[in-house]
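# Inside the fold
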Amino acid sequence: MFLILKINSHRTATVYKTLDPLWGEEFILHMPSGFQILSFYIYDADKVSSGDDIIGVASVTRDYMYENKNPKGLETWLPLQKANKDLEIQGEMLLEYGIRTSEATGQSYVFVTVMEGRDLAAKDKTGYSDPYVTVTCFDETKATSKQKKTRFPEWNETLEFLLPEDTCIADLSVIVTVWDKDNFSSDDFMGQIHLDSEDVTHGTIRNWHAVARRPTSDRWARRASRVDRGKIRVKLQLLEEIVLPSSCYRPLNELLAEAVKSQDLGHLIWDMIEQDRTIELGAIAMALVRFYLSQELIFEFLDAVIVRDIAKTEDVNTLFRGNTLGTKAVDNFMKVLAMPYLQKVLKPTVDRIINEKKTVELDPCKVNSVRGRRHSLHRESEESFVNHSLEALEDYTCEIINSIVGSITYCPQVLRRVLKNIQVRVREKWPEEMFEDVPYIAVSSFIFLRFFAPAVMSPKLFSVSDQHPNLKVIRTFTLLAKIVQSIGNLIPGSLGKEVWMEPLLPLISQKITEVKDYLDLLVDVGEFSAAHRYLVRQQSNETVLIQGHLYKCHYHCKRLFRPIVLKKCYFYLTRVMLCYRKTPEDEDTMVMVENICAVEKLDYGALGKSNMGQIIHKTSDESTAIIYFQAKDVNELTAWISAIRKTCKYNVCRVETFHPGVFKGDKWNCCRREQDIAPGCSPTYHGVVLGDWQDPLDPDVDAQIIYSQIAHSKDKIRKMQHDLRMSLAGNDPSKCTNHRDVNDAAMASLSLVSGLLDVTEQLAMSHQTFVESSPRLSHSLRSRSVSSSVSGDDSLY
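The shown structure was predicted, so the numbers you read here are calculated from the model rather than taken from an experiment. (Residues numbered from 1 in each chain as written. Predicted model: local features only at pLDDT ≥ 70, side-chain atom pairs only at ≥ 80, totals over all residues. Heavy atoms only, no water.)

### Observations regarding the overall build of the protein
Looking only at helices and strands, one finds 21 helices and 29 strands in the protein. Expressed as a percentage of the 797 residues in the protein, the buried residues total 48%. In the protein, of all internal contacts separated by at least 6 residues, the share reaching a separation of at least 24 is 68%. Entry remark: accessible area of the protein is about 39,300 Å², with carbon and sulfur atoms responsible for 50%. (Helix = DSSP H or I, 4+ residues; strand = E, 2+ residues; numbered from the N terminus. Buried < 20%, exposed > 50% of the residue type's maximum accessible area, 1.4 Å probe, protein only. Contact = heavy atoms within 4.5 Å. Areas by Shrake-Rupley, 256 points an atom, 1.4 Å probe, with all protein chains shown as cover.)

Structure, rendered in structure tokens:
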């Protein structure tokens, strides 16, 4: 059983043999600005038959998400409904329409010119459709001709309807319906467009219209509700932002840069964000980390929030144990820069555990239930089963810890320097002479308890594995995570209520010693210097954003009778180049990221292959070339397309249209145009699909998110400003013990608060001006739904 999100077509991993699946997967989807519905399709995976069986679909509207927004997200159960093929609608139609009067007869006509369509739904097994259009007006219906095997048809046909003299123009209604012609069954509905008197006026209007699904009948809804198809539990959080040009954020950038240098300003902003926010703390921490990475102030920021956490901690035993802005910031910093390191350390052992599928258990309350699941285990004695479980866990633990302690050279230098600084700051408050283990615990609290242990617990969530383990392997990971956490706590013998883990104490004690040596080496790096900013940039540019094997397609348009050849190649992408090679011994073939013009999906009907994409790029002689590639599934295809788009979103060579088909023989098989240099028939989107920890930095987006959280506290800032002014005016003299000192402190606080309020109000005015200058955004805001504009491309986060 697996889940597909229909907007960007992203798929979860499959959970086998269950009616109560648990996915626990998180996706950050970048939505188009005009989206209205997010749909969840549940499928039953079937490896034998021709395709997966659909179980049901659940949908949630944009308005519903907006109305139920809260800082922790919307968590709800959605009932599954029967899937309706009439709801599978996509594409746009270019129409010309209006009312014109004949000079010869004086009669008026409503005319609709059906010009062309693009990106229509594929209704046939070939990956294409045979579309035609009907237009209904005044109870009369007329149809265009049929276009064969295309999702990008061209008609240029005009249909006219006589306008009766007694007709009220206000009641005018025109329905444009797109159909797929079938010879042996009823025609498939592909979408509708409704035009009324506000659209159809005297004159000619030419416009693209998105095709929409027709209203669901009450009869169908009642019939679909009779069958209980189950429910799906989801947690959603909608973040909508209007991102302004970079120049608008300069005052905020300067203010945030000052915040990491001025403790008072920093505490003012950090406290406000922590206490009064509209999104989860982790999300705002990620925005701050990415912002300060882009400003090359990440060391200063992390130092400021860690010092703040240390100052607020009285009991050393609770140090870095809570979810604060400081701990969340370091968490996200590790995810941004150290995920490849984590995957290199843990992936071999995780893959081994998943493949071996051993059943292990130490808890005496659960041993019998585990042994009773399989006949072979039932024959084994309880003592023997526990001993075998103990041996397996010790083996796995040793492999994990040995891999960690032997990975010093792979750990990013930037992360090691941050962890060393945390240790230094902790020693300033709790000297090593009096608190011997505190410096170790400070570092281990992050690298072990917040990085390695959670990844062992949920390898799919940390991209250490691309599949969900079965239930018995999940239990193995749970026990291993407990052991790794006990080692990371650096306190032998602390088992709490889980006394049944006592046989592992000797191993835990031994590994604690090894881990302390590892922590000493981990923070054994040079002092901070100006070279750190170069390290961050170098680490950012050299980080492999995505890697893996894809099938490169050797396609030549003139070779009609030769089979399509797909050769397995190893691809990897950095922020500078896309490389691939057939074998490890081959030299890399490189495409510079700056030369990538577009990356898009390829129609199934283009080559008769599924999960294919194309990379359009400039060559050394300034001509255009295309790399066709195939992924193993829609998930991998989406991940590659999204990753490449992120790296080239600001390229000057980007193209605005592309062909979702290929040039076959003497024409493009998507739009039937006969020139190989014909302009693309479909607009390129360039918008990324999935958000990820390793996304390229976009300081404007992150600055906007930070501004939104500060602006949410604007009334509180104004009240602080008012109270400080009243205090300085002498309206509250009872609180003044030392008049001069209090006035100086109040003046300094007032300056900080007023500066913060000025920047906030200035940005608010910039937003208002920007929205008023954009009619589409202004109309969208009046409709309550907020659109977003990021660097000229409409995107929703």
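### Observations regarding helix H19 (residues 714-728)
What sets the pattern is the α-helix's 3.6 residues per turn: residues three or four places apart point alike. The end-to-end C-alpha distance of H19, which contains 15 residues, comes to 21 Å, matching closely the 21 Å that a straight helix rising 1.5 Å per residue would cover. Buried residues of H19: Lys714, Ile717, Gln721 and Leu724, and no others. Projected down its long axis, H19 carries its buried residues within an arc of 90 degrees, all on one side. Exposed and facing more than 90 degrees away from the buried side of H19 are Asp715 and Lys719. The first or second residue beyond H19 is Gly730, which carries a positive phi of 85 degrees. (Expected span 1.5 Å × (residues − 1). Arc of directions from axis to C-beta.)

### A short note on the nonpolar core
Membership of the largest hydrophobic core comes to 124 residues, with the highest contact counts inside it found for Tyr292, Phe301 and Ile447. Looking at which element gives the most residues to this core, the answer is helix H7 (residues 325-356), with 16 residues. Listed in part, the 26 residues of the second largest apolar core include Tyr97, Ile99, Leu163 and Val176. (Core = buried A, V, L, I, M, F, W, Y, C linked by side-chain atoms within 4.5 Å.)

### Let's talk about the packing of helix H12 (residues 438-457) against helix H13 (residues 471-489)
Packing of H12 against H13 leaves a shortest axis separation of 9 Å and a crossing angle of 175 degrees. The angle between H12 and H13 places the two elements in the roughly antiparallel class. For the pair H12 and H13, the contacting residues are Ile441, Ser444, Phe448, Leu449, Ala453, Val456 and Met457 in the first and Phe477, Thr478, Leu480, Ala481, Val484, Gln485, Gly488 and Asn489 in the second. In terms of residue class, the contact of H12 with H13 is built from 10 nonpolar, 5 polar and no charged. (Axes fitted to C-alpha atoms, helices over the stretch in contact; angles between N-to-C directions. Parallel < 35°, antiparallel > 145°, perpendicular 65-115°, else oblique. Nonpolar A, V, L, I, M, F, W, Y, C, P; charged D, E, K, R; others polar.)

### Notes on the pattern of salt bridges
Summed over the entire model, instances satisfying the criterion amount to 32 salt bridges. For Arg352, the salt bridge goes to Glu399, with nearest N and O atoms at 2.4 Å. Here Arg352 is found in helix H7, whereas its partner Glu399 is found in helix H10 (residues 382-405), with 47 residues between them in sequence. Lys516 is the partner of Asp437 in a salt bridge, and the nearest nitrogen-oxygen pair spans 3.0 Å. (Salt bridge = Lys/Arg side-chain N within 4 Å of Asp/Glu carboxyl O.)

### Regarding the sheet that holds strand E18 (residues 577-581)
Ordered in space as E19-E18-E17-E16-E22-E21-E20, the 7 strands form an open sheet in which the pairing is antiparallel. Each edge of the open sheet carries a strand with a single partner, namely strand E19 (589-592) and strand E20 (596-601). Pairs of neighbouring strands in the sheet enclose a mean axial angle of 30 degrees, with direction left out of account. For E20 and strand E21 (residues 612-618), the ladder comprises 5 bridges, and the chain directions are antiparallel. If you follow Ala598 over to E21, its bridge partner there is Ile616. (Pairing = 2+ DSSP bridges.)

### Regarding the sheet that holds strand E12 (residues 173-180)
Strands sit in the order E10-E9-E12-E13 across an open sheet of 4 strands; the sheet is antiparallel. A strand with exactly one partner marks an edge of an open sheet, and here the two such strands are strand E10 (140-143) and strand E13 (188-196). Direction aside, the axes of adjacent strands within the sheet are offset by 20 degrees on average. Sheet analysis places strand E9 (residues 131-137) next to E12, joined by 7 bridges and oriented antiparallel. In the strand pairing of E12, Val133 is matched with Val178.

### Regarding the environment of Thr478
Structurally, the position occupied by Thr478 is in helix H13. The class for Thr478 is buried, based on a relative accessible area of 16%. Distance from Thr478 to Val456, taken between C-alpha atoms, is 7.7 Å for residues 22 residues apart in sequence.

### So, the packing of aromatic side chains
On inspection of all chains with the given rule, the structure shows 13 aromatic pairs. Ring centres of Trp270 and Phe301 lie 5.5 Å apart, and the angle between their planes is 75 degrees; this geometry places the pair in the edge-to-face category. Taken as a pair, Trp270 in helix H4 (residues 263-275) and Phe301 in helix H6 (residues 298-312) lie far apart in primary sequence, 31 residues in all. The buried category is assigned to Phe301, whose relative accessible area is 0%. (Phe/Tyr/Trp six-rings, centres within 6.5 Å; stacked < 30°, edge-to-face > 60°.)

### Some details on the confidence of the model for the protein
The predicted model of the protein averages 82 in pLDDT, with 85% of residues at 70 or higher. Here strand E28 (residues 789-790) is the element of the protein with the lowest mean pLDDT, 28, and E9 is the one with the highest, 94. Predicted confidence for residues 778-797 stays below pLDDT 50, and this span has 62 contacts to residues more than four positions away or in other chains. (pLDDT = per-residue confidence, 0-100.)

### Comments concerning the pairing of strand E7 (residues 92-101)
For E7, the tally of buried residues reaches 7 of 10 residues, placing the bulk of the element in the interior. Pairing of E7 with strand E8 (residues 108-118) involves 10 bridges; the strand directions are antiparallel. Its bridge partner lying in E8, Glu92 is registered against Arg118. If you look at the hairpin formed by E7 and E8, you'll find 6 residues sitting between the two strands, and Gly106 has a positive phi there, around 80 degrees. In this sheet, strand E14 (residues 203-210) lies alongside E7 in antiparallel orientation, the contact comprising 7 bridges. Within E14, the position partnered with Gly98 by the bridge is Thr204.

### Some remarks on the environment of Phe333
Structurally, Phe333 is set in helix H7. Counting along the chain gives 48 residues from Phe333 to Ala285, while the straight-line C-alpha distance between them is 9.1 Å.

### Some details on the packing of H10 against H13
Axis separation between H10 and H13 bottoms out at 10 Å; the angle between their running directions is 55 degrees. It follows from the interaxial angle that H10 and H13 lie oblique. At the point where H10 passes H13, the crossing takes the right-handed sense. Here Leu393, Tyr396, Thr397, Ile400 and Ile401 of H10 come into contact with H13, specifically with Thr476, Leu479, Leu480, Ile483, Val484 and Ile487. By residue class, the composition of the contact of H10 with H13 is 9 nonpolar, 2 polar and no charged. (Left-handed = near helix turned anticlockwise from the far one by under 90°.)

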